[in-house]
Amino acid sequence: METYEIFRKAKDGKYAIGAFNAANLETLKAIVQAAHKLRAPVIIEASDGEVNFIGKREVVALIKIYREEYNLPIILNLDHAGDLQGCIEAIEAGFDYIHFDGSKLSYEKNVEITKRIVEVAHSKNIPVEGEIDHIQGSSADHRQENVTGVQKKELYSNPVSARKFVDETLVDTFASFIGNAHGLYANAKRIDIALLGRIKEALPDKFLSLHGGSGIPDEDIKSAISHGIVKINVNSELRVAFRDALKKVINSTEEVAIYKIMPEVIKAVQDVVEAKISLFGSANKA
Ligand code: 13P
């Protein structure tokens, strides 16, 4: 199934596709096994850092094999890509979706590069996600830190500016900043659902994504989906599950065979992914 069709099905069916970051074979396995078990379409996210770690062609090849082996709609996305060349290389390598994040650039430069990526991607029927309002935070465990200011309301997306941006660039998906931020914090991240409703009204013909999916209360996630979100990004919760499980296993055994150490770690990540898929309503939609 092509990427557009997977997204359209989610929009029509009012559920969200989980977009989970994979950094290595173990996290990739955890995500794919969860999607297979629950028969869910899924997006594998690889940021520039993750792609540099696994390798572009390597991750494309692995996804191709998993897609065939499990007969699953698996989309491979370059997450928060920061430059034109990286996006073009990913398209050439076989990525199915591109998220260009030019939100730190000037508006004009962001539009210029996003437009160029859209031209290249659309010539291969690949959707593009764009962003103007820089989503704050970082995908890490900040719960013990005294962090303030990741939810600055003055930086939240504006529906009129969002419309202008999608019209100028022709992106397919808009990444809005509505209280979501990357990372886990001492306080739950609450979503401004009324603002999301206005963004949805302004962009009825587009797909909407929600980044910073870790640490958002389930009720806000459900509400966001009912207000048009079709793609939810989750990274920090997977990273924390991976690290905690790995620590526990390493501290409890003298085992050195990697294939005996890793299953418990994979299971911990898979449990998180399964819970998110169930929450997002995408189980049995493959
Ligand atoms: P979290 O780390 O908060 O889950 O956000 C992930 C994300 O949005 C990746 O693009």
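Preceding this section is the structure that the text describes.
Remember, predicted model here, so these are calculated numbers, not experimental data.

Participant: Would you mind showing me how to read the overall build of the protein here?
Facilitator: The number of helices and strands found in the protein is 11 helices and 10 strands. Compactness check: the protein gives a C-alpha radius of gyration of 18 Å against a globular reference of 19 Å for 286 residues, within 12% of the reference. Across its three principal directions, the C-alpha atoms of the protein cover 60 × 45 × 35 Å. Residue burial in the protein is summarised as follows: out of 286 residues, 57% are buried. A sequence separation of at least 24 residues applies to 72% of the contacts in the protein between residues at least 6 apart. Charge separation in the protein, taken as the distance between the mean sites of 36 positive and 41 negative side-chain charges, equals 3 Å.

Participant: Help me understand the layout of surface pockets in this model?
Facilitator: Over the atoms a probe the size of a water molecule is rolled, and this reveals where empty space is left. Size it by volume and the largest pocket reaches roughly 320 Å³. The wall of the largest pocket is formed by 25 residues, among which Asp79, His80, Gly137, Ser139 and His182 lie closest to the centre. Contributions of two or more residues to the lining of the largest pocket are made by strand E3 (74-81), strand E6 (137-141), strand E8 (182-184), strand E10 (229-234) and helix H10 (236-252). Of the residues forming the lining of the largest pocket, the biggest block, 3 residues, is contributed by E6. Taken together, the residues of the lining of the largest pocket sort by class into 2 nonpolar, 18 polar and 5 charged.

Participant: Got a minute to help me understand the site of the ligand in this structure?
Facilitator: As a matter of local geometry, the ligand sits amid 16 residues, with Ser139, Gly212, Ser214, Asn235 and Ser236 nearest to it. Within the side chain of Lys189, a nitrogen or oxygen atom sits 3.3 Å from an oxygen atom of the ligand. Gly212 is positioned such that a nitrogen or oxygen atom in its backbone is 2.7 Å from an oxygen atom of the ligand. When the ligand sits alone it has 310 Å² of accessible area, and the protein chains cover 99% of it. Among the detected pockets, the ligand sits in the largest pocket. Secondary structure elements with two or more residues in the shell around the ligand: E3, E8 and E10.

Participant: Would you take a moment to explain the pattern of salt bridges for this structure?
Facilitator: Oppositely charged side chains can pair when the atoms bearing their charge come close. For the coordinates displayed, the defined rule picks out 21 salt bridges. A salt bridge links Lys37 to Glu274; the shortest N-O distance between them is 3.1 Å. Taken together, the residues span a long stretch of sequence, with Lys37 in helix H2 (residues 25-38) and Glu274 in helix H11 (residues 258-280) at a distance of 237 residues. Among the residues examined, Lys37 registers a relative accessible area of 55% and is labelled exposed. Classification of Glu274 as buried rests on a relative accessible area of 13%. Arg116 is the partner of Glu119 in a salt bridge, and the nearest nitrogen-oxygen pair spans 3.0 Å. Of this pair, Glu119 and Arg116 both sit in helix H6 (residues 107-122), 3 residues apart, which is roughly one turn of the helix. Note on Arg116: relative accessible area 38%, which makes it partly exposed. One continuous salt-bridge network, built from bridges that share partners, spans Asp141, Arg143, Arg243 and Asp244.

Participant: Even after reading the chapter, I still don't get H6, so can you show me in this structure?
Facilitator: Each full turn of the α-helix corresponds to 3.6 residues, which orients residues three or four apart in the same direction. A rise of 1.5 Å per residue sets the reference length of H6, with its 16 residues, at 22 Å; its end C-alpha atoms lie 22 Å apart and thus fit the reference within 8%. Along H6, the residues classified as buried are Asn110, Val111, Ile113, Thr114, Ile117, Val118, Val120 and Ala121. If you follow the buried residues of H6, they end up packed against helix H5 (84-93), strand E4 (97-100), strand E5 (128-130) and helix H7 (159-169).

Cut-offs applied
- Residues numbered from 1 in each chain as written.
- Predicted model: local features only at pLDDT ≥ 70, side-chain atom pairs only at ≥ 80, totals over all residues.
- Heavy atoms only, no water.
- Helix = DSSP H or I, 4+ residues; strand = E, 2+ residues; numbered from the N terminus.
- Rg over C-alpha atoms; globule rule 2.2 N^0.38 Å.
- Buried < 20%, exposed > 50% of the residue type's maximum accessible area, 1.4 Å probe, protein only.
- Contact = heavy atoms within 4.5 Å.
- Lys, Arg positive; Asp, Glu negative; His and termini not counted.
- Charge placed at Lys NZ, Arg CZ, Asp CG, Glu CD.
- 1 Å grid on protein atoms, 1.4 Å probe; cavity = no way out; pocket = protein on both sides within 12 Å on 5 of 7 lines; lining within 4 Å.
- Points joined across faces, edges and corners; volume = space filled by probe spheres on them.
- Nonpolar A, V, L, I, M, F, W, Y, C, P; charged D, E, K, R; others polar.
- Near = heavy atom within 4 Å.
- Polar contact = N/O pair within 3.5 Å; in protein donor to acceptor, adjacent residues only side chain to side chain.
- Areas by Shrake-Rupley, 256 points an atom, 1.4 Å probe, with all protein chains shown as cover.
- Sits in = over half its atoms within 2 Å of the grid points.
- Salt bridge = Lys/Arg side-chain N within 4 Å of Asp/Glu carboxyl O.
- Expected span 1.5 Å × (residues − 1).

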